[in-house]
Amino acid sequence: MECEGLEGELFGPELRYEFWENLSFIAKADLQIQSSSEGVSSGVNDAVREEIEELLEKKDMDTLKKMNAEVSETLQSGGEIDVEYWEVVLDRVKYYVARARVDQINASFVDYKERHGHKGAVMEGSAEMSELEKEEEMIKGESKKGMGENEEKFNEEVNLDKKYAWNDKYKPRKPKYFNRVHTGYEWNKYNQTHYDHDNPPPKTVQGYKFNIFYPDLIDKSKAPGFKIQKTDNPDVCILRFVAGPPYEDIAFKIVNREWEHSHKKGFKCTFERGIFHLWVNFKRMRYRR
C-alpha cells in the first residue's frame, strides 16, 4: 500500500480499520441486493426500493447520519408502522453512510498524495492483506507446528453475552485461535498400585497451549490478558481472554488445577506478532494415603 509511510500521520490503525470495515459492509450489502434480485425476498418490492435509492443516493454524510438517527427512533417507537419498510430504509441509510465514509477517507489520501507529489491509487486492496487472510496465515503458521506427543486440538468455547463500551465505534468480532490440550497418564502411587502399562489408568489433562490471534488490535501498546472465573463445578473453571477493540472476549472451559509458573516447566505468556500465547502445565498431583 503506497500510503504505508503515512501511517503514523494519517493512516493510523483506527482509520485503517474503519476503512476496511466499511468496505466489507458495502460488499455484504451488495451481495444481499444481488440475492434479492435472484428471488430472495428483501421485505419491499422493486418499485419501493427504487424510491428509497433515489431518496438516499444524493444525500451528504451529515444528512444521512441524521436520517439514520430518525429512522432508528421510528423503529424503536413501537407505533403502528410498516416495520419491514423502515428496516429496509435503515439498512440502506447505513449502506450510504458507509459508502460516503469510504469516499471521504479515500479522498483525503488522494488529496494528500497530490499535494506531496505521490502518485498512484491510495487504497490498493491487493497490496493489503485482508483481515481474513491475516488470520488464516496465523492459523496456518500455528498448525504447521503440528501436535506434540499426547496433544490434540482444543476448542471447548464458552458462550459469552457482553456489550462493549466501544460497540458504536467498532463492530465487535470474535478472535480466531489454534489451541492444544495435553493429556497423559498420572503414575502416582495410587495408579501404580491399581494399574500397569498393559492396563493404564484414564488419561488426564496435564496442560493447555492457547494461541489467540489479534492481528488488527487497535491499541497494540496494550497486550491482551486473561482472567480465571469460577463455576458451580469445583473441578472446572472458565479461562477468559480479554483484549480490546475490535475483539470480543473469548472464553474456554478448562480443568481447575494449580498451574506451574516456571518457564522451565513450560509456562509461557507473551504477545508476539499479533498472537497471544498462554501455555500452562499443571502441577503434578501427589497421592496421599
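To be clear, the structure that these remarks concern was listed above.
Residues numbered from 1 in each chain as written. Predicted model: local features only at pLDDT ≥ 70, side-chain atom pairs only at ≥ 80, totals over all residues. Heavy atoms only, no water.

Trainee: In this structure, what is going on with the sheet that holds strand S7 (residues 236–242)? I would like to understand it.
Mentor: Pairing between the strands of a sheet comes from backbone hydrogen bonds, and it takes one of two forms, parallel or antiparallel. On the basis of which strands lie adjacent, the open sheet formed by four strands has the order S2-S8-S7-S6 and antiparallel pairing. Each edge of the sheet is formed by a strand with only one pairing partner; in this case those strands are strand S2 (157–158) and strand S6 (225–230). In the sheet, S7 pairs with strand S8 (residues 250–255) via six bridges, with the strands oriented antiparallel. Bridging from a neighbouring strand, Leu-239 pairs with Phe-252 of S8. (Pairing = 2+ DSSP bridges. Helix = DSSP H or I, 4+ residues; strand = E, 2+ residues; numbered from the N terminus.)

Trainee: Explain the environment of Asn-233 here, please?
Mentor: Mapped onto the fold, Asn-233 is located in the loop between S6 and S7. In this structure Asn-233 comes out as partly exposed when scored by relative accessible area, which is 37%. Expressed as a C-alpha distance, the spacing of Asn-233 and Asn-256, which sit 23 residues apart in the sequence, is 9.1 Å. Within polar-contact distance, the side chain of Asn-233 engages the backbone nitrogen of Asp-235 at 2.9 Å. (Buried < 20%, exposed > 50% of the residue type's maximum accessible area, 1.4 Å probe, protein only. Polar contact = N/O pair within 3.5 Å; in protein donor to acceptor, adjacent residues only side chain to side chain.)

Trainee: Where do I start with the pairing of S6 in this structure?
Mentor: Both faces of the sheet carry side chains from a regular strand, because those side chains alternate between them. As paired strands, S6 and S7 are joined by six bridges and run antiparallel to one another. Its bridge partner lying in S7, Gly-225 is registered against Val-242.

Trainee: What exactly am I supposed to notice about helix H3 (residues 61–76) here?
Mentor: Think of an α-helix as 3.6 residues a turn; residues three or four steps apart then line up on the same face. With 16 residues, H3 should cover 22 Å at 1.5 Å per step; its first-to-last C-alpha distance of 23 Å lies within 8% of that length. Taken as a whole, H3 has its buried residues at Met-61, Leu-64, Met-67 and Val-71. Taken end-on, H3 shows its buried residues confined to a sector of 115°, consistent with a single buried face. In H3, those exposed residues whose orientation departs by more than 90 degrees from the buried face are Asp-62, Lys-65, Lys-66, Glu-73 and Gln-76. Count one or two residues on from H3 and you reach Gly-78, which has phi positive near 80°. (Expected span 1.5 Å × (residues − 1). Arc of directions from axis to C-beta.)

Trainee: What am I meant to see in the side chain of Gln-206 here?
Mentor: Here Gln-206 lies in strand S5 (residues 204–213). According to the relative accessible area criterion, Gln-206 is buried, its value standing at 12%. The residues contacting Gln-206, other than those within four sequence positions of it, are His-182, Thr-183, Gly-184, Tyr-185, Glu-186, Asn-281, Phe-282 and Arg-284. (Contact = heavy atoms within 4.5 Å.)

Trainee: Even after reading the chapter, I still don't get the pattern of salt bridges, so can you show me in this structure?
Mentor: Side chains bearing opposite charge may pair, as long as their charged atoms lie close to each other. Applying the stated criterion across every chain yields a total of 13 salt bridges. For Asp-249, the salt bridge goes to Lys-162, with nearest N and O atoms at 3.3 Å. Of the two residues, Asp-249 is situated in the loop between S7 and S8 and Lys-162 in the loop between S2 and strand S3 (176–177); the sequence distance between them amounts to 87 residues. Accessibility expressed as a relative area gives 6% for Asp-249, which makes it buried. Exposure remark for Lys-162: the relative accessible area of 39% places this residue in the partly exposed category. (Salt bridge = Lys/Arg side-chain N within 4 Å of Asp/Glu carboxyl O.)

Trainee: Explanation requested: the environment of Ala-29 in the structure shown.
Mentor: Residue position: Ala-29 is located in helix H1 (residues 13–37). Note on Ala-29: relative accessible area 13%, which makes it buried. Between the alpha carbons of Ala-29 and Arg-92 there is a distance of 8.5 Å; along the sequence they are 63 residues apart. In contact with Ala-29, not counting residues within four places along its chain, are Arg-92 and Tyr-95.

Trainee: Just to check I follow, could you spell out unusual backbone geometry for this structure?
Mentor: Both trends apply: most residues other than glycine have a negative phi, and most peptide bonds are in trans. With an omega of 5°, the peptide bond running from Pro-245 to Pro-246 counts as cis. Structurally, Pro-246 is set in the loop between S7 and S8. The phi angle at Asn-150 is positive, at roughly 65°, despite the residue not being glycine. For Asn-150, the position within the fold is in the loop between helix H5 (131–143) and strand S1 (151–153). Non-glycine residue Arg-273 carries a positive phi angle of around 50°. Along the chain, the position of Arg-273 falls in the loop between strand S9 (268–272) and strand S10 (275–281).

Trainee: What's the story with the packing of aromatic side chains in this structure? I'm lost.
Mentor: Two descriptors summarise a pair of aromatic rings, namely the distance from one centre to the other and the angle between the planes of the rings. Inspection of the entire model under this criterion finds 17 aromatic pairs. A ring pair is formed by Tyr-177 and Phe-252, whose centres lie 5.0 Å apart and whose planes are at 85°; its orientation type is edge-to-face. With Tyr-177 in strand S3 and Phe-252 in strand S8, the pair connects residues that are 75 residues apart, well separated along the chain. Owing to a relative accessible area of 0%, Phe-252 belongs among the buried residues under this scheme. Lying over the aromatic face of Trp-279, Lys-209 brings its terminal NZ or CZ to 4.6 Å of the ring centre. (Phe/Tyr/Trp six-rings, centres within 6.5 Å; stacked < 30°, edge-to-face > 60°. Lys NZ or Arg CZ within 6 Å of the ring centre and 35° of its normal.)

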